[in-house]
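# Structural description and commentary
One-letter residues, chain by chain:
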Amino acid sequence: MTRAYTMRLDAYAVRRNQGRGRRRITFLLLLLIIGLGGLVLFRTGGTPELRLVMDLPAIGPKTPFRVVASSPRRGLTELRVRARQKDKYVMVYEATYEPRPVWAFWGPMTSQMAIDLEIDRAKIPNVRGKVLTLEAEAKTAGTFLLKSPTATVAKTLPLRLRPPRVSVQSASIFAAQGGAEVVVYTVASSAIRHGVQAGDWFFPGYPLPGGREGDYFCLFAVPYDMDNGDEAMRLYAEDDVGNITSARFLDKFIRRPFKTDSITVSDRFMQLVVPRILAKTPELEDKGDLLNNYISINSELRQKNAEFLVELSKKTTKKFLWHLPFVQMPAKVVSSFADRRTYLYKGKKVDKQDHLGFDLASVRRAEIPAANAGRVIFADYLGIYGNAVVIDHGFGLQSLYAHMSKISVQPGDEVERGQTIGRTGATGLALGDHLHFTLMISGLPVTPIEWWDSHWIHDRLALKLGDALGFKSKERGQSR
Ligand SMILES: [Zn+2]
């Protein structure tokens, strides 16, 4: 073998290998071109996922719903939502998005959208008829060859825009500021919440005992600080899709302006009440000095206690537990309902609060009678009220007894009208021995004067409620 021959053979091998390499590269390039071409021609975003989510059974005056769309490959390009009735429609939502380019596997895109929308009556002003269709459409990116994949969903729902019909059955509804009243009414079965709205307060209506289907009554109160009740007191009904009826219904509104009063806060008084209330109320922050602690008890704790009483009122029994006039503890009236008090310390105004009860002073540790028959729902220490008892008389009406030295009933006890429930004292925010007495409707204090007056109960409540209340102005066998 010569060396030259070997070299030729080697050169041949190199050429052959070069040829093989070139072919491989060409092949790979071809594959790449086909691949890219395929991508460019066929890589769409795929049909998007699209959902219409709705909780309400029908379209009402304001109907919230949610649209969820996703297209994870190249992202969404368009999203449209419209409300349609036959061939007329209103666009509810419309948006376009930049998709990911056909060749890109990363980079920005809108792969998912979840939007909360609302069909508002104002957006469909002339709509009539019984149904309305909500339609949504989502698109993703297409290619030269293939058009954009599109998803559509539609939901046809009943259209309900008429507010529930309410009609007042009672005559002579006379309500006074800080007082109570009752209204009997009928309401359409579509109503899911109805009663009396008084500013921020709401008094629920209950089926009238012994009444017909659709007959309701509402025992309500006018807030002691509301002086425009003729306008602000409303009979209210709301249905399951948000249609609302809110109508004036009082035949007469009686203003009872506040009485004003000022109370001088002395060091001696604060030294007496502040430490003992703080000790019993661990959740109240110690402000470090007597006056600030007093103010926080008088304002923050008073507010918390008021909120507690509103919560407590929800435990009411749906039954009239009383049938006779309310009794007043025999005592001297020291302070009456809805006094607007200014608190003075060393001649300076330090606080302002409303006194929402009657202060009744008798002998020390006098026996406290239950104002009427009912069920004890609270008997414990309660902030500014000290030892206190709350009796539920049914349908939101409750009585509060405060500053007691002794409690002789327990929650759950059924009490008789006039039954001794404990003794007066000076616990909580009180200087001398007395009973602080309040009646409340759904937790809102009302003047007890009305309830101590059997004529008032007869005229305002018994005439409207009839057998449902079963009111007797006196006990059987009792003479006037
Ligand atoms: Zn009081």
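Residues numbered from 1 in each chain as written. Predicted model: local features only at pLDDT ≥ 70, side-chain atom pairs only at ≥ 80, totals over all residues. Heavy atoms only, no water.

### Description of the domain arrangement of the chain
The parts lose accessible area when they come together, and the size of an interface is often stated as this lost area. With domains assigned, the chain is organised as domain 1 (49–158), domain 2 (166–254) and domain 3 (259–449). On a C-alpha basis, the centres of domain 2 and domain 3 stand 28 Å from each other. Every contact between the two is made by 16 residues of domain 2 and, on the other side, 17 residues of domain 3. Here domain 2 and domain 3 share an interface that buries about 1300 Å² over both sides, 82% of which is from carbon and sulfur atoms. Our count for the domain 2 to domain 3 interface comes out at zero salt bridges. On inspection of domain 2 and its partner domain 3, the count reaches two residue pairs in polar contact (both at pLDDT 80 or more). Residue assignment for the side of domain 2 that touches domain 3 shows that the elements contributing at least two residues are β12 (201–204) and β14 (215–221). Residue classes in the side of domain 2 that touches domain 3 are distributed as 13 nonpolar, two polar and one charged. (Domains from an automatic or database assignment. Contact = heavy atoms within 4.5 Å. Buried area = accessible area lost by both parts, 1.4 Å probe. Salt bridge = Lys/Arg side-chain N within 4 Å of Asp/Glu carboxyl O. Polar contact = N/O pair within 3.5 Å; in protein donor to acceptor, adjacent residues only side chain to side chain. Helix = DSSP H or I, 4+ residues; strand = E, 2+ residues; numbered from the N terminus. Nonpolar A, V, L, I, M, F, W, Y, C, P; charged D, E, K, R; others polar.)

### What to know about the coordination of the zinc ion
Coordination sphere of the zinc ion, protein contribution only: His355 (NE2), Asp359 (OD) and His436 (ND1), at 2.0 to 2.1 Å. Mapped onto the sequence, the donors of the zinc ion take the spacing H-x3-D-x76-H. Remark: His436 occurs in strand β30 (residues 435–441) and Asp359 occurs in strand β22 (residues 358–361); sequence separation between them is 77 residues. Looking at Asp359, the relative accessible area reads 8%, which means it is buried. (Donors = N, O, S within 2.8 Å, 3.2 Å for Na, K, Ca; no water. Buried < 20%, exposed > 50% of the residue type's maximum accessible area, 1.4 Å probe, protein only.)

### Section: the pattern of salt bridges
Scanning all chains against the criterion turns up 22 salt bridges. We note a salt bridge from Arg160 to Asp239, for which the minimum N-O separation is 3.6 Å. Taken together, the residues Arg160 in the loop between β7 (150–158) and β8 (166–168) and Asp239 in strand β15 (residues 233–239) connect sequence positions 79 residues apart. Its salt-bridge partner being Glu300, residue Lys287 comes within 3.3 Å of it at the nearest N-O pair. Within this pair, whereas Lys287 is found in the loop between α3 (267–280) and α4 (290–313), its partner Glu300 is found in helix α4, the two being separated by 13 residues in sequence. Among the charged side chains, a salt-bridge network with shared partners connects Glu78, Arg80, Glu94 and Glu137.

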